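Geometric and topological summary
Below are the chains, spelled out letter by letter.
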Amino acid sequence: MAMLWKFMRVAKYSKAALSPKVKVRGIPTHSRHSSSKSVPSDFASSAPCASTVELLGKSYPQDDYSNVTEKILSKVGKNLHNRKHHPLWLIKEQVKEHFYKHYLGRHGTPLFSVYDGLSPVVTVQQNFDSLLIPQNHASRRKEDNYYLNRDHMLRAHTSAHQWDLIHSGLDAFLAVGDVYRRDTIDNTHYPVFHQMEGVRLFSCHELFSSIKDGEGLQLFEQGHRTAHKQECHTMEAVRLVEFNLKQVLTKLVTHIFGDGLQVKWVDCYFPFTHPSFEMEINFQGEWMEVLGCGVMEQQLVNSAGAQDKIGWAFGLGLERLAMILYDIPDIRLFWSEDERFLKQFIGPHIWQKIKFQPLSRYPPLINDISFWLPSGTYSQNDFYDLVRSIGGDLIEKVVLLDEFAHPK
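Bear in mind that the values here come from a model prediction, so they are computed numbers and not experimental data.

Within the protein one finds 11 helices and 15 strands. Across the 408 residues that make up the protein, the buried fraction comes to 49%. Restricting the contact set of the protein to residue pairs at least 6 apart, pairs at least 24 apart contribute 68%. Summing over all exposed atoms, the protein offers an accessible surface of approximately 19,700 Å²; the carbon and sulfur share of this is 52%.

Written out as structure tokens, the structure is:
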């Protein structure tokens, strides 16, 4: 069998706090080179080596699907989104305050309830099956997720809690938490990040009560699925739900980023919504995708016990919004314990105008590494986990420069 050779470039900084002006591209040709021993392709699945994983007071037996590393386990329970004055906490509080202030129930209390302390350990059924994600869908791959074993994993999205919260009887809620995905190494990707999930369900009366002559309108019909609706929804219901969803989210981002913000909607696909959309905003002359959303798949809503209702859902990344709003150049900075970083976000109120000031202008240290791979399955995310486990957050970026398969 031919042997495969990999050549990777690793960029790291002597300080975790980075300057936004430091660029990795255009690396000089005199960068240092070094060789390493072969990296076993099953590194991630073999660490930790204990037969069980102890996490949040519970014990999970390991099996052939276990691939969570000690580095990732050390992040569980940090809950940066609940850490007062942290930039992710600021974004969460801004969104929460907006929903509390603008959406009230019949008795004047907030319509949306907020859940920001749900355990990141979920079942595979919660993370995938409850959201109608097919068994063979690429998002389930071991190479892209952190599994404790075949039955349990670290949630890959806050959508993992949708079914349970709807099943408990909730019609409107926000779920916030840390999520985990094996990913590339660069300034916008990190294996742990934070999401906010929003869901709103409507009864027939709630949706049509404000519509003139809307008494005869219905939520459901026996029809056909098109690009614009599900087979069980009436066009009138879908149009109103879609309008409400886009109106709610447009008001939210305008409230965060300011009046005059340009917004556009891009059609997309998610297994658990249809139709589905991504929102892009024009911020400082550049179009940026900030969230995904759509009309919830009725099969999901029905299975959770809300057969007489229709609804929408959205998901946004807190880091994405914070990086745009505060001009934070590198996602690793959110994990910094440096007081020079953290003190920048302490203000008299959550809407304080803040622009991140860089802490360091040290140049990057570049290492070129070449290694042979053993025969068998190899995933680049295995190598990224190895790099993160050894180099930690000093590693800014890893780039595959070349590969070679020996003909013998």
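So, about the nonpolar core. Among the nonpolar cores identified, the biggest contains 73 residues, and Leu55, Phe99, Leu154, Phe257, Ile328 and Phe334 are the most heavily contacted of them. For this core, the element with the most residues is helix α7 (residues 235-257), which contributes 10 residues. When residues no more than four places from it in sequence are discounted, the contact partners of Ile328 are Pro87, Ala322, Met323, Leu333, Phe334, Phe341, Phe345 and Phe356.

Moving on: the sheet that holds strand β12 (residues 286-296). Taken in spatial order, the 7 strands make up an open sheet running β5-β8-β9-β13-β12-β11-β10, and their pairing is mixed. Strands with a single pairing partner mark the edges of an open sheet, and in this sheet they are β5 (113-115) and β10 (262-270). In this sheet, neighbouring strand axes are inclined to one another by 25° on average, regardless of whether the strands run parallel or antiparallel. Looking at chain direction, strand β8 (residues 172-180) and strand β9 (residues 192-202) are connected through 9 bridges and run antiparallel. Considered in β9, the bridge of Asp178 is made with His194. Sheet strands in contact with helix α9 (residues 318-326) are β8, β9, β11 (273-283), β12 and β13 (310-317), and its direction is about 55° off that of β13.

Quick notes on the rules
- Residues numbered from 1 in each chain as written.
- Predicted model: local features only at pLDDT ≥ 70, side-chain atom pairs only at ≥ 80, totals over all residues.
- Heavy atoms only, no water.
- Helix = DSSP H or I, 4+ residues; strand = E, 2+ residues; numbered from the N terminus.
- Buried < 20%, exposed > 50% of the residue type's maximum accessible area, 1.4 Å probe, protein only.
- Contact = heavy atoms within 4.5 Å.
- Areas by Shrake-Rupley, 256 points an atom, 1.4 Å probe, with all protein chains shown as cover.
- Core = buried A, V, L, I, M, F, W, Y, C linked by side-chain atoms within 4.5 Å.
- Pairing = 2+ DSSP bridges.
- Axes fitted to C-alpha atoms, helices over the stretch in contact; angles between N-to-C directions.

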